Each structure stands twice: as C-alpha cells, then as structure tokens.
Amino acid sequence: MIEKLLVPTDGSETSRKAAKYAFSLAALSGGSVTLLSVINRDLFIGKPTIPATMTPTHIVESLEDFLRQAAEQDMQELEKLGGQKGVGTRQVIRYGHPVEEIIKEAEREKADLIVMGSHGKSALNAAVLGSVTFGVIHTDTKIPVLIVRRS
Ligand code: ATP
Ligand code: MN
C-alpha cells in the first residue's frame, strides 16, 4: 500500500531525518522513494529584495547554479543512505514555489505518502511548524502526509 514515497528535501537535518524514516518504511513495504528539491526563485528575486527586472540574468543564473549543485549533492548523499537499506531512489529538481511543486509532483507520480520534516533550514525555529509543511498539509489533496519531528 505504501509503495511510492515522496520526500521533499531542503538539505536540512530534519529533512534528512524524514528521508531516513521514509527509507525504513520503503524497506518494509518493498517500495521506492522520490527525493524532491525545489529551488525557490522568490528567495532571491522579487519585492523584498531586488526587483526581478533589476536583477542581472547572469546573477540569477549563477545563484540558481549554486542552489542546484547544493540540492544535487544533498540528494546524492540521501540516495546513498537509501542504498544502504536496499531502497531505490529517484531524484527530482523543480523550480518554483515549494508547496505547489511538492503537491504537483506527488499527484503526478501518484505518491502513496509524502514524508517531510516539521522544520527545515530556516533559522526561525520558534514556529511550531515550518511554512512549507504547513502549506502542504493545508492543501486540498488526498495524498497523506507524514511529518517527522526535528530532534
Ligand atoms: P520556514 O521556511 O517556514 O521559515 P523551516 O525552514 O524551518 O521554516 P520548512 O521550510 O517548512 O520549515 O521545512 C519543513 C520541511 O519541508 C523540510 O524538512 C523539507 O522536508 C520540506 N522543504 C522545505 N523547503 C523545501 C524545498 N525548497 N524543497 C523541498 N522540500 C522542502
Ligand atoms: Mn524553509
């Protein structure tokens, strides 16, 4: 029943914990895991920082390159952890709004379960729940979500 698991990851400790949890579940069910990193352009262009029209293309591109490489490296490490448990993984990178892309990918691949962290990379650790996780559980979808708490 839980064969296709989707793990959205931002490279944080808690998302690593979520990935490990998902690998254990997938090992039990004989399932596989899709790792998804969403690169969020809004973080470095747009209203609060530099207007998009004033951001030189080469700067946007090199920032995106940097973020993509970091995401690839993170997912590579997670894939190794999955391999140690005999779980096959697929790596996906998307550009856009994390909540939207997570839901889109989950529905596209008909995931049985989304496994994600309660928190992520943000330094604002006072919140009960990170905004990406909050957004995912408040989106109208039939796909269940399992939230792994931070240590
Ligand atoms: P906030 O971003 O709201 O200030 P936060 O960083 O602590 O707080 P979230 O961003 O909601 O919390 O992170 C919670 C979980 O959401 C992470 O553990 C990860 O599973 C997932 N996540 C967060 N950002 C991304 C992203 N860009 N791509 C994929 N998954 C993400
Ligand atoms: Mn975050």
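Draft legend 1. Local environment of the pattern of salt bridges. Inspection of the entire model under this criterion finds 7 salt bridges. Measuring nitrogen to oxygen at the nearest pair gives 2.9 Å for the salt bridge that ties arginine 90 to glutamate 109. In this pair, arginine 90 is assigned in strand S3 (residues 89-95) and glutamate 109 in the loop between helix H3 (98-108) and strand S4 (113-117), connecting sequence segments 19 residues apart. On the basis of relative accessible area, arginine 90 is assigned to the partly exposed category, the value being 38%. Among the residues examined, glutamate 109 registers a relative accessible area of 10% and is labelled buried. As a salt-bridge pair, arginine 94 and glutamate 105 come within 3.0 Å of each other at their nearest N and O atoms. Highlighted residues: arginine 94 in strand S3 and glutamate 105 in helix H3, separated in sequence by 11 residues.

Draft legend 2. Highlighting the sheet that holds S3. The strand order across the open sheet formed by 5 strands is S3-S2-S1-S4-S5, and the pairing between neighbours is parallel. The open sheet is flanked by S3 and strand S5 (145-148), the only strands paired with a single partner. This sheet shows a mean twist of 25° between the axes of neighbouring strands, independent of strand direction. Sheet topology note: the S4/S5 ladder contains 4 bridges and is parallel. In the sheet register, glycine 117 faces S5, and the bridge partner there is valine 148. Along the sheet, helix H2 (residues 57-84) makes contact with strand S2 (32-39) and S3, crossing S3 at roughly 160°.

About the thresholds
Sequence positions are assigned chain by chain, starting from 1 and proceeding in written order. Key to labels: chains lettered from A, ligands numbered from 1, both in the order written. Only residues with pLDDT of at least 70 are given local features in this predicted model, and only at 80 or more are side-chain atom pairs given and counted; all residues enter the totals for whole chains, interfaces and linings. The side-chain quantities take in all heavy atoms of the structure and omit both hydrogens and water. Within this document, salt bridges are pairs made up of a side-chain nitrogen of Lys or Arg and a carboxyl oxygen of Asp or Glu, the two lying within 4 Å of each other. Helix and strand definitions follow DSSP, with helices as H or I runs of at least four residues and strands as E runs of at least two, each counted in order from the N terminus. A 1.4 Å probe rolled over the protein chains alone gives each residue an accessible area, and that area as a share of the maximum for its type sets the label: buried under 20%, exposed over 50%, partly exposed in between. When DSSP finds two or more bridges between two strands, those strands count as paired. All axes here are fitted lines through C-alpha atoms, helices being fitted over the stretch that makes contact, and every angle between N-to-C directions spans 0 to 180 degrees. Should any heavy atoms of two residues lie within 4.5 Å, those residues are counted as being in contact.

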